[in-house]
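Residue-level structure breakdown
Here is how the chains run, residue by residue.
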Amino acid sequence: MIARLLPIAFLAAALVTFAAPSAAQAQGMKVGIVDMKRVFAEYYKTKDAEKKVNDGKAAAKKELDERNAKYKQLLGEYQSLPSSSATPPSPRSCARPRRRKRRTSPPKPRA
């Protein structure tokens, strides 16, 4: 029973101990304001991270431009093909000719 009340008594004592000084300090409280935009702009690691992001962005843009150029080249080649080859062949012309099974007569009995 005492073991259960011990933590509660400890918390109550801590609350009374730390609450009294804070009430007295509330009258002389000072408020500070931090300009996070300025802090973020002037932090040295921000510039390093920004440089890495911009380098990655430039590499991705370069790759995208290369792919677009290749796509346009292939599209131009495709459009320059004759129109008859652009239409797919009919399924019958693509089918393999069927082999007919040879009909054989039953084997002759041996004497």
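Structure shown above.
Residues numbered from 1 in each chain as written. Predicted model: local features only at pLDDT ≥ 70, side-chain atom pairs only at ≥ 80, totals over all residues. Heavy atoms only, no water.

All chains considered together, the criterion is met by 4 salt bridges. Measuring nitrogen to oxygen at the nearest pair gives 3.1 Å for the salt bridge that ties Glu42 to Arg38. Placement of the pair is Glu42 and Arg38 together in helix H2 (residues 36-42), with a separation of 4 residues, close to one helical turn. Put simply, Glu63 and Arg67 hold a salt bridge, and the shortest N to O gap is 3.0 Å. Residue Glu63 and its partner Arg67 are located together in helix H3 (residues 44-80), separated by 4 residues, close to a single helical turn. Note on Glu63: relative accessible area 40%, which makes it partly exposed. (Salt bridge = Lys/Arg side-chain N within 4 Å of Asp/Glu carboxyl O. Helix = DSSP H or I, 4+ residues; strand = E, 2+ residues; numbered from the N terminus. Buried < 20%, exposed > 50% of the residue type's maximum accessible area, 1.4 Å probe, protein only.)

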